[in-house]
Amino acid sequence: MNTKINYKASIPYFICITTYMFAAIVNIQVVEQVLVFKEIPAGLLDQVYHYDILGYLIGSLMLLFFSNYFHLQKIIIFNLLIYALSVYNVGFSTFFELFQKIYPMIYSLTNSVIITSLLYYIFSDKRITHKYSIAFFLFSIFIAYFLAQIVLYYIFLGTDSPDLVLIRILVIVNIIPITIFLCSFLLSSCFHQLKTKPVNSLIVLKNIDLELLASFSIFYITMTVFYGYETYKFTDNLLMISVSNIRYYIFAGILLLAVFLSKFIFNYNPHKINIACITALLLMFSSISFWSNDILLSSISWFLIAIFLYLYFCSNLLIIAAKFTDFYLQLAIILYTLAGAVGYFCSYIAAENADVNDDRYNFLIPICLILGTTLLYYLYRYQRNQLEKW
């Protein structure tokens, strides 16, 4: 196996990941501006958000089903065409109320399919070491994020309220990187795939139970954090961080640490890393009442939680990549993201049915229960399967 990045082999992945994520980030603004411009009522906004969350789950299920019959390349191209037509329709056509609601589901469905497929492609490329694949994937996403923020800043400069011209500019800015992605995707040989081959799903499921539990837990926590500060009202500081310049320092810190950690931390036993991350997350959430009301402590603590979630997520990807190859690896990564989508959706449903008058820290009960149960099960499997010898 290679010991460093093959930079030449990485170029097509960098172009595809960066351009697609750039378009996905810009598309968030497209949706927001359309909803404001159309003066969508509050009741319909809830339905829009519901469809958005549901799209990730549907996308993962569709990819699981259709990957048995079609190449990933064909699935990606089809999704991109639907996505591009939908974006064009938003800015340049008159569309019905139903489409206003399901459009977010279309782009979240596309995100699920394409991001999962790109993960498989980069991990299946034997020219790139797995631990560097993780850092490279995250690096591309952050580059896309900062480029999108710069472009959006100049687009919205001097704009007081959304209008049709602004929406159409955003649509054009959205479609351009999608076109670049499609051209690079079709022209690069690293995205060509052999004929699909049936695999034994039971073998894969039997060997990734810990990884599926991890993905479910990570995205359950992520959804609770992103959605919970409004529903559970456990702190106002997270909202302050998300709308201030502090978030840029946090993202930059995560990026630098991600590259550093990929080079050093992932040389160790990934199962030990997982146990350490679960324990750290359990301690961080258990002590949230001590640090959630101070802006400095909150910034540091949320930064650490993000790092632990990143390590936990990536460490399990490394385990999956070490266990499987070819179409077994493809199925394993699809199941891994499907478990994450289920966790994301379950957390959303829990938040929707939460009583806003409940204690502000009630959201900690399911998080700590999930982390505690996962930790106990992991320790049991660690001893039984002698994972210390990994």
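Everything that follows concerns the structure shown earlier in this document.
Residues numbered from 1 in each chain as written. Predicted model: local features only at pLDDT ≥ 70, side-chain atom pairs only at ≥ 80, totals over all residues. Heavy atoms only, no water.

1. Side note on the side chain of Asp125
Convention followed: In this text, helices come from DSSP runs of H or I with a minimum length of four residues, and strands from runs of E with a minimum of two, each type numbered from the N-terminal end. Relative accessibility thresholds used throughout: buried, under 20% of the residue-type maximum; exposed, over 50%; partly exposed, between the two (1.4 Å probe, protein chains only). N or O atoms closer than or at 3.5 Å make up a polar contact, with two conditions inside protein: a donor-capable atom paired with an acceptor-capable one, and, for residues adjacent in sequence, both atoms drawn from side chains.
Mapped onto the fold, Asp125 is located in the loop between α4 (97-124) and α5 (130-156). For Asp125, a relative accessible area of 8% corresponds to the buried category. At a separation of 2.7 Å, a polar atom in the side chain of Asp125 contacts the side chain of Tyr13.

2. Observations regarding unusual backbone geometry
One non-glycine residue with positive phi stands out, namely Asp326, at about 55°. Relative to the helices and strands, Asp326 is located in helix α14 (residues 326-352). Residue Asp326 is classed as partly exposed on the basis of its relative accessible area of 44%. Of note in this structure, Gln386 is not a glycine but carries a positive phi near 50°. Along the chain, the position of Gln386 falls in the segment after α15 (364-384). What makes Gln386 partly exposed here is its relative accessible area of 42%.

3. Digging into α15
So the rule is basically this: One fewer than the residue count of a helix, multiplied by 1.5 Å, yields its expected span.
Across its 21 residues, α15 extends 30 Å between first and last C-alpha, which sits within 8% of the 30 Å expected from 1.5 Å per residue. Along α15, the positions that sit buried rather than exposed are Leu364, Ile367, Ile370, Leu371, Gly372, Thr374, Leu375, Tyr378, Arg381 and Tyr382.

4. Quick look at the packing of aromatic side chains
As a reminder of what qualifies: Centre distance within 6.5 Å is the pairing criterion for rings of Phe, Tyr and Trp, where only the six-membered ring of Trp is used; planes under 30 degrees apart are then read as stacked, over 60 as edge-to-face, and the remainder as tilted.
Enumeration over the complete set of coordinates arrives at 21 aromatic pairs. Ring centres 6.1 Å apart and planes at 75° place the aromatic pair Tyr121 and Phe185 in the edge-to-face group. Here the residue Tyr121 occupies a position in helix α4, and Phe185 occupies one in helix α6 (residues 164-187), the gap between them amounting to 64 residues. Tyr121 sits in the buried class, given a relative accessible area of 3%. Exposure remark for Phe185: the relative accessible area of 0% places this residue in the buried category.

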